[in-house]
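Below, each chain spelled out in residue letters.
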Amino acid sequence: MKKNHLAVAAIATAVLMSSNANAGTTFDAVKKKGFVQCGVTTGLTGFSAPDDKGNWTGIDVDGCRAVAAAIFGDAKAVKFTPLTAKERFTALQSGEIDMLSRNTTWTLTRDSSLGISFAGVNYYDGQGFLVNKDLGVNSATELDGAAVCIQAGTTTELNLADYFRAQGMSYTPVTYDKSEETVKAFEAGRCDVLTSDQSQLYALRLKLKNPEGAGVLPEVVSKEPLGPVVRQGDDAWFKVVRWSLIAQVNAEELGVSSANIDDMKKNSADPNVKRLIGLDGIKGEGLNLDDAWAYNIVKQVGNYGEMFERNVGMDSPLKIARGLNDLWTKGGLQYGTPIR
């Protein structure tokens, strides 16, 4: 999710001081303690959510596991810190967590005034609207006068205001601190509409007693590129996080998966595959990692397509189509920067 601009301005000075204090230390500190401390949501199906035994799953969780696999050769060398939208940036900037992997939107304000850096985009999203089908509403343009449930401390509030103003419509905001509270309020009838990133709406819809009684409207009213975030100024750590995601995208492009990577390592003559796996090229030297860093990611976590499908795609309860998150060769936006 996303931070509103007033809150951003209020903490910017403190954040920049904190980021300067932490600059350049994360990579060595993580290696020394032996695990990655990763900030995630308090529970969002498909992105980061614990089961009844405390085991975390989701596309953002897998992003953390990929970084752990790259550094330690062990995707399980991660500890998770659940955070609300209000807490997430402070936790990162204070050093409580090493990276934030919590469906967080990459924006100019955040990138330029919070002392943080976005390492890439692991999910291209957009804000939408969930409505009760009994309302008979088929378009967001029919929501004039609606009560709208929103999670506090997010730019969802700004996007909502911008959209309704542009459409010449009015609305009543009903805000809550946690996404779980918004869906409960929606189900209880305290609002007509629930707005959030479309991916989150699909996840929240599953929490309803009657999921089939609600639907996501077709309009997408914003761009929400979501991805992992680190503190600004620690280039070594930033590059490890960034290239861990890139390695997964490249693996899918090359047809390398967790199931066939050992066979590819033994038999492939493709120089791109050899560089990905660590048999040729720069290997791990440029990132101060073992030569098998990308091999370990794919073997233990999977390529980007595997990660997407099991968490949010057709192999998951959400059953979200790849869409913009498909490879560039298939009409999507996922494009693997060359490993060479």
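Residues numbered from 1 in each chain as written. Predicted model: local features only at pLDDT ≥ 70, side-chain atom pairs only at ≥ 80, totals over all residues. Heavy atoms only, no water.

A few words on helix H6 (residues 156-167). Counted at 1.5 Å a residue, the expected span for H6 with its 12 residues is 16 Å, and the 16 Å between its end C-alpha atoms agrees. Three or more residues of H6 are buried, namely Thr 156, Asn 159, Leu 160, Ala 161, Tyr 163 and Phe 164. Buried positions along H6 lie against strand S8 (127-132), strand S9 (146-151), strand S10 (171-176), strand S11 (193-197) and strand S13 (224-226). Gly 168 sits one or two positions beyond H6 and adopts a positive phi of about 70 degrees. (Helix = DSSP H or I, 4+ residues; strand = E, 2+ residues; numbered from the N terminus. Expected span 1.5 Å × (residues − 1). Buried < 20%, exposed > 50% of the residue type's maximum accessible area, 1.4 Å probe, protein only. Contact = heavy atoms within 4.5 Å.)

Here the focus is the pairing of S9. Counting buried residues in S9 gives 6 out of 6 residues, a clear majority hidden from the surface. Alternating positions in S9 separate into two faces, Ala 146, Val 148 and Ile 150 on one and Ala 147, Cys 149 and Gln 151 on the other, with burial throughout. Read from S9 through H6 to S10, the crossover connection turns out right-handed. (Right-handed = clockwise from strand over helix to strand, strands pointing away.)

This paragraph deals with the packing of aromatic side chains. The description of two aromatic rings rests on the distance between their centres and on the angle between their planes. Taken as a whole and assessed by the stated rule, the structure comprises 9 aromatic pairs. Centre to centre, the rings of Phe 164 and Tyr 171 are 4.7 Å apart; their planes meet at 50 degrees, and the pair counts as tilted. Seen in terms of ring centroids, Trp 328 and Tyr 335 are 5.0 Å apart; in terms of plane orientation they differ by 55 degrees. Their pairing is tilted. Looking at Trp 328, the relative accessible area reads 44%, which means it is partly exposed. Members of the aromatic cluster, each reached through a chain of ring pairs, are Phe 47, Tyr 123, Tyr 304 and Phe 308. (Phe/Tyr/Trp six-rings, centres within 6.5 Å; stacked < 30°, edge-to-face > 60°.)

On to the environment of Thr 42. As for its placement among the helices and strands, Thr 42 is situated in the loop between strand S1 (36-40) and strand S2 (49-50). Of the residues examined, Thr 42 reaches a relative accessible area of 29% and is grouped as partly exposed. Taking the C-alpha atoms as reference points, Thr 42 and Leu 327, separated by 285 residues in sequence, lie 29 Å from one another. Filtering out sequence-adjacent residues up to four positions away, Thr 42 remains in contact with Pro 50, Pro 82, Leu 83, Thr 84 and Glu 180.

This brings us to the domain arrangement of the protein. Parsing the protein into structural domains produces domain 1 (25-124 + 226-330) and domain 2 (126-222). The C-alpha centroid of domain 2 is placed 29 Å from the C-alpha centroid of domain 1. Taken together, the 18 residues of domain 1 in the interface contact 14 residues of domain 2. When the two sides are added together, the surface that domain 1 and domain 2 hide from each other amounts to roughly 1300 Å², 57% of it contributed by carbon and sulfur. Looking at the side of domain 1 facing domain 2, the largest losses of area belong to Leu 44, Lys 86 and Leu 318, adding up to 30% of the total buried there. Between domain 1 and domain 2 we count 1 salt bridge in total. For Lys 86, the salt bridge is made with Asp 177, and the minimal N-O distance between the two is 3.2 Å. Of the residues that constitute the side of domain 1 that touches domain 2, the class distribution is 8 nonpolar, 6 polar and 4 charged. (Domains from an automatic or database assignment. Buried area = accessible area lost by both parts, 1.4 Å probe. Salt bridge = Lys/Arg side-chain N within 4 Å of Asp/Glu carboxyl O. Nonpolar A, V, L, I, M, F, W, Y, C, P; charged D, E, K, R; others polar.)

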